[in-house]
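# Coordinates in review
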Amino acid sequence: MPPTETVPAPDTDASGDVPSEAVAPLMRGLMVLRRLTDADGVLSLSELERITGLARSTVDRVTGTLARMGYVRLDGRDVFLAPRLMDLGNAYLAALGLPGLLGGQADALADALDESVSLAVADGDGIRFVHQATRRRAMSLSFRIGDLLPAERTAPGAVLAAEWTEAEWTRWRTRRAADPRASGFPAVPPGEGPDEKEFAARAARAGERGWALDDQLIEPGLVALALPVRDADGAVVCVASVVSHTSRHTADSLREAMLPRLRAAVADWERLLSGEDRETAARPQAGPRPAHPQAGPRDLAPRPPGLADWTHASKQELGRGFVESLARGLTVLTAFGEGRAALSLSAVAEATGLARATARRALITLEHLGYVYAEGRLFRLTPQVLALGYPYLSRLPLPQIAAPHLAELSRRVHDSASLAVLAGHDVRYTARVATRRIMSVHITVGTRFPAHATSLGRVMLADLPPDARAAWLADIEPRALTPHTLTSVGELAAVLERVREQGYALVDEELEQGLRSISVPVRDRAGAVVAAVNVAMHSSRRTVEETVADVLPELRATAARIEDDLRTAGRFTPVPEA
Ligand code: PHB
């Protein structure tokens, strides 16, 4: 390895002296992922070089390695965060257990209250969101899962600070002195926020009353009411907030309207939390915690399935630039998960297949940077793991997830590829990669076509339950768009049945003369069809048989890749449709 690889990278995430055993390439990789997250998902290679202070050759190796792992995508001179990176945040959220246990409850509460509801945990002297049940409203700004906010400018922060030790107040003072305008919190507009006297008074009141208000501390218009959620031992595991806007509520009217209902919901959740025979993984990082005997390595959930695919590749396949120590270090984070919140060094080594010494150095590095903390002989992930891409990626809509896969498909088959959703009687295109071949139909994102005459529409219709399919067919009057368009409802029903059996649809010249299209469905985690992908071509390009033999496998592989990303992205939060 060239000598530059042993020099620790400058990284604002690190505090204090870098341990001599720290893995420098891992530190660099984490820094690159953090800068990309703070830049909202994309930076050019030269911007990365400038922001990180790393040599260009190092940036190339690090981003090449991250790309090989599927954590970023390289497109020309730009580096994008990729959905697969959410595996790391998912490992934290799964280990935490809270989003799995309370996320659905928070969603239901948001529906009932018709206001946004969020769950946040302590992260150092800030709060970090682990769940957001967001109401769609013009006037509502909302934070994203993984966003970190300064405690003094939020309602949850006052709730948590009510129980801060003197050491925790000192940590807060130190941060405020170093960064008075909270510029280290990319999710919030910079500002001073309340001074110590005011914040301490709010924290004390929160302690007495058991709730806190945020009256536009972060943003004009934003008001919130927060309550602690406690485990059976009375420790605060997270803070639940109802968030509104001054166009609907003042801070006081929000409290009047919502406090009883939020209290009742939280009481239910606390029963759920204490009733569960779960390890106390739900404890956010807030200073040292007592060890929990039941969290020992003996009763661990089975190790996570398989290792990242790079581990099976030979050195030659990985290429000369692949930085194995970075890849190994990141893989350590994926050893954690549901039922695997607290792991010993041996458990980490066993789950990842890494040598103990390698796993140990990775853990030392991750602990130094604040992604892991040690509790006796056991290690846990911290909420900071969410800072590795989650805020940006958790809002990435399906068309953006699909776009690079469509581009790859189009490159391989030399024809246009698209993604569409069902919209009433139509299909609506949500992503498209066109080739330069001329086609008379002009299709862009937003274009609609009658669903019955398109292969996209047919694969989505074929998946409807029989009743819904019959109702849909009964509701349309299929129009002939070419002499080939099927217009008999009975024939369409039979075609849909066949499509359902074969898993794809092929439509030849029914939408437009000379145009053929073949489509397969895209399914979410639950197996529901959420969209369809197609390849469209001139009918003269291939025979129908060639289309099925040559294009269908590519199309299926593309759908599988999109579904893979969807599974990762949708594990703890819904993926926006557009
Ligand atoms: C939220 O967006 O969930 C939020 C914002 C500010 C708060 C509390 C919650 O004080």
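Residues numbered from 1 in each chain as written. Predicted model: local features only at pLDDT ≥ 70, side-chain atom pairs only at ≥ 80, totals over all residues. Heavy atoms only, no water.

What follows deals with the site of the ligand. Around the ligand, the surrounding shell consists of S118, F129, Q132, F143, T154, A155, P156, D214, L222, A224, S241 and V243. Taking D214, its side chain carries an N or O atom lying 2.7 Å from an oxygen atom of the ligand. When the free accessible area of the ligand is taken as 280 Å², the share hidden by the protein chains comes to 100%. Contributions of two or more residues to the shell around the ligand are made by β5 (126–133), α6 (155–161), β8 (222–230) and β9 (236–245). The residue makeup of the shell around the ligand, split by class, is 7 nonpolar, 4 polar and 1 charged. (Near = heavy atom within 4 Å. Polar contact = N/O pair within 3.5 Å; in protein donor to acceptor, adjacent residues only side chain to side chain. Areas by Shrake-Rupley, 256 points an atom, 1.4 Å probe, with all protein chains shown as cover. Helix = DSSP H or I, 4+ residues; strand = E, 2+ residues; numbered from the N terminus. Nonpolar A, V, L, I, M, F, W, Y, C, P; charged D, E, K, R; others polar.)

Glancing now at unusual backbone geometry. One non-glycine residue, D40, lies in the positive phi region at around 60°. Turning to its location among the elements, D40 is positioned in the loop between α1 (24–38) and β1 (42–44). Positive phi values are uncommon outside glycine, yet E509 reaches one of about 60°. Relative to the elements of secondary structure, E509 occurs in the loop between β16 (505–508) and β17 (515–523).

Its location among the elements puts L148 in strand β6 (residues 148–150). In this structure the C-alpha to C-alpha distance between L148 and A120, which are 28 residues apart in sequence, comes to 9.2 Å.

This part takes up the confidence of the model for the chain. When the pLDDT values of the chain are averaged, the result is 91; 90% of them are 70 or greater. Scored below 50 in pLDDT, residues 1–13 makes 31 contacts in the model with residues more than four places away or belonging to other chains. Counted against residues more than four places away or in other chains, residues 277–298, with its pLDDT under 50, gives 57 contacts. (pLDDT = per-residue confidence, 0-100. Contact = heavy atoms within 4.5 Å.)

On to the side chain of E152. Along the chain, E152 falls in the loop between β6 and α6. Of the polar contacts made by the side chain of E152, one reaches the side chain of R175; its length is 2.9 Å. With near-sequence residues (within four places) excluded, E152 lies in contact with W172, R175, R176, P194, F199, R202 and L217.

What follows is about the packing of aromatic side chains. Aromatic ring pairs are described here by two measures, namely the spacing of the ring centres and the angle between the planes. Under the defined criterion, the tally for this structure stands at 7 aromatic pairs. Both rings, one in W172 and one in F199, keep their centres 5.2 Å apart while their planes meet at 40°; by these two values the pair is tilted. On the criterion of sequence distance, the pair formed by W172 in helix α7 (residues 166–178) and F199 in helix α8 (residues 196–209) is long-range, its members being 27 residues apart. Here W172 falls in the buried class, since its relative accessible area comes to 2%. Summarising the aromatic geometry, the rings of Y429 and F449 are spaced 5.9 Å apart at their centres and angled 85° between planes, so their arrangement reads as edge-to-face. Placement of Y429 in strand β14 (residues 426–433) and of F449 in strand β15 (residues 448–450) is noted, with a sequence separation of 20 residues between them. Residue Y429 shares its accessibility class with F449, and that shared class is buried. Above the ring of F80, the side-chain terminus of R73 is found at 4.5 Å from the ring centroid. (Phe/Tyr/Trp six-rings, centres within 6.5 Å; stacked < 30°, edge-to-face > 60°. Buried < 20%, exposed > 50% of the residue type's maximum accessible area, 1.4 Å probe, protein only. Lys NZ or Arg CZ within 6 Å of the ring centre and 35° of its normal.)

Right, let's get into α1. The terminal C-alpha atoms of α1 lie 21 Å apart, and with 15 residues this matches the ideal 21 Å at 1.5 Å per residue to within 8%. The element α1 is extensively covered by neighbouring structure, given that 14 of its 15 residues are classed as buried. D40 occupies a position one or two residues after α1 and carries a positive phi of about 60°. (Expected span 1.5 Å × (residues − 1).)

If you trace the 3 strands from one edge of the open sheet to the other, you get β1-β3-β2, paired in antiparallel fashion. If you trace the sheet from one side to the other, it starts and ends with β1 and β2 (72–75), each paired once. Direction aside, the axes of adjacent strands within the sheet are offset by 20° on average. With 4 bridges joining them, β2 and strand β3 (residues 78–81) adopt antiparallel strand pairing. Note on β3: the bridge partner recorded for R73 is F80. Most of the contacts of helix α3 (residues 56–68) go to β2, to which it runs at about 115°, and overall it touches β2 and β3. (Pairing = 2+ DSSP bridges. Axes fitted to C-alpha atoms, helices over the stretch in contact; angles between N-to-C directions.)

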